[in-house]
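# A look at the structure
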Amino acid sequence: MTIDPVDPSALRRSYERAALDEAGLAPEWHEQLSRWFLDAVGDARSLEPNAVQLATCDEAGRASVRTVLVKSFDERGIVFYTNYRSAKGRELAVRPYASAAFVWLALERQVRLSGPVAQVPREETEAYFAGRPRGSQLGAWASPQSEVVASRAALDAAYAAAERRFAGQDVPPPPYWGGYRLAPDAVEFWQGRPDRLHDRLRFRCADTGWVVERLAP
Ligand SMILES: Cc1cc2nc3c(=O)[nH]c(=O)nc-3n(C[C@H](O)[C@H](O)[C@H](O)COP(=O)(O)O)c2cc1C
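Criteria and cut-off values
Each chain has its residues counted from 1, following the order in which its sequence is written. Per-residue local features are limited, in this predicted model, to residues with pLDDT of at least 70; the limit for side-chain atom pairs, both in listing and counting, is 80 or more; totals at the level of whole chains, interfaces and linings are taken over all residues. Hydrogens and water are ignored here; the side-chain numbers use all heavy atoms of the structure. Side-chain atoms within 4.5 Å are what join buried Ala, Val, Leu, Ile, Met, Phe, Trp, Tyr and Cys residues into a set we call a nonpolar core. Any residue under 20% of the maximum accessible area for its type is buried, any over 50% is exposed, and the rest in between are partly exposed; the area is computed with a 1.4 Å probe on protein chains only. Two residues form a contact once any of their heavy atoms are found within 4.5 Å. Runs of H or I in DSSP of at least four residues are treated as helices and runs of E of at least two as strands, each being numbered from the N terminus. For the purposes of these results, a polar contact is taken to be a pair of N or O atoms within 3.5 Å, where, inside protein, one atom must be able to donate a hydrogen and its partner to accept one; residues adjacent in sequence count only when each atom of the pair is a side-chain atom. Residues are counted as near a molecule or strand when any one of their heavy atoms sits within 4 Å of it. For every accessible area listed, the method is Shrake-Rupley and the probe measures 1.4 Å; residues are considered covered only by the protein chains on display. Under the counting rule used here, the positive set is Lys and Arg, the negative set is Asp and Glu, and His together with the chain ends is not counted. Within this document, salt bridges are pairs made up of a side-chain nitrogen of Lys or Arg and a carboxyl oxygen of Asp or Glu, the two lying within 4 Å of each other.

Of all hydrophobic cores here, the largest spans 28 residues; its most connected members are Leu33, Phe102, Trp104, Val111 and Phe189. In contact with Phe189, not counting residues within four places along its chain, are Leu20, Trp29, Gln32, Leu33, Trp36, Gln110, Val111, Asp199, Arg200, Leu201 and Phe203. Membership of the second largest hydrophobic core comes to 12 residues, among which are Trp141, Ala162, Phe166 and Val171.

What follows is the structure in structure tokens.
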């Protein structure tokens, strides 16, 4: 049989690496995320294991999605950094909810989190920003994220202007740049299984506390 490499319907893979059951699940969602995140970090095939696809919604209910890097997580949620005036920042200002998905394809795993989003305290942004490479710090000042720019040259000129402005001094975070924390009220762990009968275990925050439910694949 010849397979047409440009026909996506011909691409088929059986997921057989692992299983996920209730007995093996950590008691808290963030502990389970830590376990899987460690696996992904230790797996050389998983590039950027802290990348998530982050979906937001505008006022009219139109969704948009993009990749961001998670820079910390704990029982309070996952934290990412961005420009508060970007498209996502504007959407979060009017609709402070988001959904994020880690996908570790080599491990046949996905983790989805959804819930309210809030800006992190300014001190948290300042502490994170101080540890970034200087070039990234200057880039935050140079880029009006999500705006139309005249040209690449205009962007490079804005970077050069930021370099001059902060010559010989530390670069503070721009006032319009910082972190958001997504505090999930649902976190789903997905492990691929044969015959498309995948394991899906979801932590859901109910009135009585967190419950774990198995979802049909
Ligand atoms: C691997 C990867 C990592 C990224 N990490 C971030 C990030 O941490 N923060 C960010 O603002 N944009 C990040 N981006 C860029 C975003 O995907 C997006 O282009 C940008 O944030 C503008 O999105 P918006 O116009 O929807 O606000 C990343 C893109 C990729 C592909």
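With that out of the way, let us pick up the environment of Arg122. Take Arg122: it is sitting in helix H3 (residues 122-130). Residue classification places Arg122 among the partly exposed residues on the basis of a relative accessible area of 28%. Through-space distance from the C-alpha of Arg122 to that of His198 is 41 Å; in sequence the pair is 76 residues apart. Discounting residues that sit within four places of it in the chain, Arg122 has contacts with Tyr84, Pro173, Pro174, Pro175, Trp177 and Gly178. A polar side-chain atom of Arg122 sits 2.8 Å from the main-chain carbonyl oxygen of Trp177.

So, on to the site of the ligand. Near the ligand, the surroundings consist of Arg66, Thr67, Val68, Leu69, Tyr81, Thr82, Ser86, Ala87, Lys88, Gln145 and Ser146. The backbone of Thr67 places a nitrogen or oxygen atom 2.7 Å from an oxygen atom of the ligand. Take Ser86: an N or O atom from its side chain is 3.3 Å from an oxygen atom of the ligand. Its free accessible area being 620 Å², the ligand has 61% of it covered by the protein chains. If you tally residues by element for the shell around the ligand, the top one is strand S2 (residues 63-74), at four residues.

Turning next to the side chain of Arg200. Relative to the elements of secondary structure, Arg200 occurs in strand S8 (residues 199-206). Looking at Arg200, its side chain comes within polar contact range of the main-chain oxygen of Ala216, at 2.8 Å. Not counting residues up to four positions away in its chain, the partners in contact with Arg200 are Arg112, Glu188, Phe189, Trp190, Glu213, Arg214, Leu215, Ala216 and Pro217.

A separate point is the side chain of Glu108. You can see Glu108 is positioned in the loop between strand S4 (97-104) and strand S5 (109-119). No salt bridge is formed by the buried Glu108. Its closest oppositely charged neighbour is Arg13, at 5.1 Å. At 3.0 Å, the side chain of Glu108 forms a polar contact with the backbone nitrogen of Glu16. Filtering out sequence-adjacent residues up to four positions away, Glu108 remains in contact with Ser14, Tyr15, Glu16, Arg17, Trp190, Gln191 and Gly192.

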